[in-house]
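Working through the structure, step by step
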Amino acid sequence: MPITGYFFILFLLVLTTTGSTSTVVGEMVTILSIDGGGIKGIIPATVLSFLESQLQELDNDEDARLADYFAVIAGTSTGGILTTMISAPNEKGRPLFAAKDTISFYFEHGPKIFPPGASPPFFAPKFDGKYLHKVLQEKLGETRLHQTLTNVIVPTFDMKNFQPTIFTKNTDSNSPHLDAKMSDICIDTLAAPTYFPPYYFENDDGKGNQYEFNLIDGTINPALVALSTVTNSAETDPSFASIKPLDVKQILLLSLGTGTSADFAGTYTTKEAANWGLVSGLFHNNSNPLSEMLSEASIIMNDYYIATIYSPLGAEKNYLRIEKTTLTGTTTEMDNATEANMNLLVQIGENLLKKPASNGNPETNEEDLKRFAKLLSERKKKGANKADS
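Notes on the structure follow. Model, not experiment: these values are computed from the prediction. (Residues numbered from 1 in each chain as written. Predicted model: local features only at pLDDT ≥ 70, side-chain atom pairs only at ≥ 80, totals over all residues. Heavy atoms only, no water.)

In this section: the environment of G117. Within the secondary structure, G117 sits in the loop between α4 (99-113) and α5 (130-140). Residue G117 is classed as exposed on the basis of its relative accessible area of 77%. Residues G117 and N336, 219 residues apart in the sequence, show an inter-C-alpha distance of 9.7 Å. (Helix = DSSP H or I, 4+ residues; strand = E, 2+ residues; numbered from the N terminus. Buried < 20%, exposed > 50% of the residue type's maximum accessible area, 1.4 Å probe, protein only.)

If you want it as structure tokens, here you go:
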């Protein structure tokens with residue numbers, strides 16, 4: 001879609017929402033969105049660990065979990081794994097992982113998911129994904145989408161039908177085939193082209209009909225998908241009954257990124273880019289950063305679009321984007337799972353909390369997260385609508 005098309009849509013969004021009522025915390029829909037980025041998922045995992053600890057402190061409950069506070073948790077790729085780990089139930093009916101334990105998951109399994117020195121065949125993904133599949137199947141077993149402890153949204157892309165496939169807990173009656181095993185959904189959203197092979201599986205709709213899925217990551221922005229899902233469901237889904245369609249004043253959105261590179265700003269010109277050819281762009285050639293640049297540009301633009309929806313309505317404090325925009329060296333690599341690099345990513349996540357918030361407020365990310373935590377705690381105490389478990 002041309003850029004002018006996006007601005008036209010945003011203009012309509014603003015017109016639609018300017019008549020919104022004032023914010024009522026107990027009626028707010030709360031969304032957590034987590035981007036993709038491979039091993040860099042350690043960065044948002046570190047931020048989530050801090051947020052969960054704040055909620056535990058506020059409510060004096062060491063067993064408090066993020067799924068108790070967010071009406072929707074959305075994630076793609078590594079963000080899809082984090083979404084699943086903090087929302088899928090264990091044998092006691094509580095989230096499979098505490099936020100702090102997701103960091104340990106990366107340290108334990110990352111080096112085997114992304115083995116160092118992997119040298120793929122010329123026409124094959126860099127990693128075969130076998131260990132990744134094994135771990136997810138062992139951790140998640142037969143758990144299906146409808147069993148998650150809050151609404152989850154995991155975007156993927158269907159190669160065969162050439163359209164998005166959005167796995168969401170509140171699937172309508174016309175899409176029972178989307179109630180798949182969480183292990184299959186996670187493998188799908190992690191199937192990033194050039195890193196892992198596309199994933200095929202079949203699922204029964206409960207009536208004996210088999211559906212085929214031919215899915216890849218698709219690099220779909222989970223925050224935009226979550227916003228559209230919530231606003232489109234406002235009139236039909238009781239979990240979101242407190243908001244009017246497109247009423248972002250009633251939507252508290254925390255969006256976490258996995259970091260973008262510092263190498264692009266002020267580095268390349270159109271003159272240099274004119275020499276970037278198709279063949280060098282198709283393969284993982286460090287001399288041609290075009291593919292990575294386009295991916296990161298998409299992340300930046302999506303943040304801009306969302307902020308443009310919130311800001312004109314005076315609801316900019318309802319949207320918090322936390323992203324490290326100056327990654328350098330090995331920390332820019334999605335598949336560098338050496339212990340040294342993972343420790344660096346933890347440190348980046350911890351330092352990111354001390355950085356100024358990206359929404360123009362004078363607070364740091366840590367201060368903004370504490371403010372979010374208070375709103376989340378207050379909303380929970382007021383018994384706001386949440387997804388059926």
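So, about the pairing of strand β7 (residues 251-256). With 6 of 6 residues buried, β7 lies mostly within the body of the structure. Here β7 shows two buried faces, one formed by I251, L253 and S255 and the other by L252, L254 and L256. The pairing of β7 with strand β8 (residues 319-322) spans 4 bridges and is classified as parallel. When the sheet's bridge partners are listed, L254 is paired in β8 with L320. (Pairing = 2+ DSSP bridges.)

Looking now at helix α2 (residues 42-58). When the terminal C-alpha atoms of α2 are compared, their 24 Å separation across 17 residues agrees well with the 24 Å that a helix rising 1.5 Å per residue should span. The element α2 is largely enclosed, with a buried count of 14 among its 17 residues. (Expected span 1.5 Å × (residues − 1).)

Here we come to the environment of K380. Counting through the fold element by element, K380 comes out in helix α12 (residues 365-381). Spatially, the C-alpha atoms of K380 and D59 are 9.9 Å apart, while their sequence positions differ by 321 residues. Those residues in contact with K380, other than ones at most four positions away along the chain, are D59, D68 and Y69. (Contact = heavy atoms within 4.5 Å.)

Considering all chains together, one arrives at 10 aromatic pairs under this definition. Ring plane angle 85° and centroid distance 6.2 Å describe the contact between F105 and Y106, whose orientation is recorded as edge-to-face. When the centroid spacing of 5.7 Å and the interplanar angle of 45° are considered together, the rings of F114 and F196 count as tilted. In this pair, F114 sits in the loop between α4 and α5 while F196 sits in the loop between α6 (182-189) and β5 (199-204), placing the two residues 82 residues apart along the sequence. With respect to class, F114 is no different from F196; both count as buried. Through successive ring pairs, a cluster of aromatic residues spans F167, Y199, F201 and F213. A cation over an aromatic ring shows up here: K380 above the ring of Y69, its NZ or CZ 5.5 Å from the ring centre. (Phe/Tyr/Trp six-rings, centres within 6.5 Å; stacked < 30°, edge-to-face > 60°. Lys NZ or Arg CZ within 6 Å of the ring centre and 35° of its normal.)

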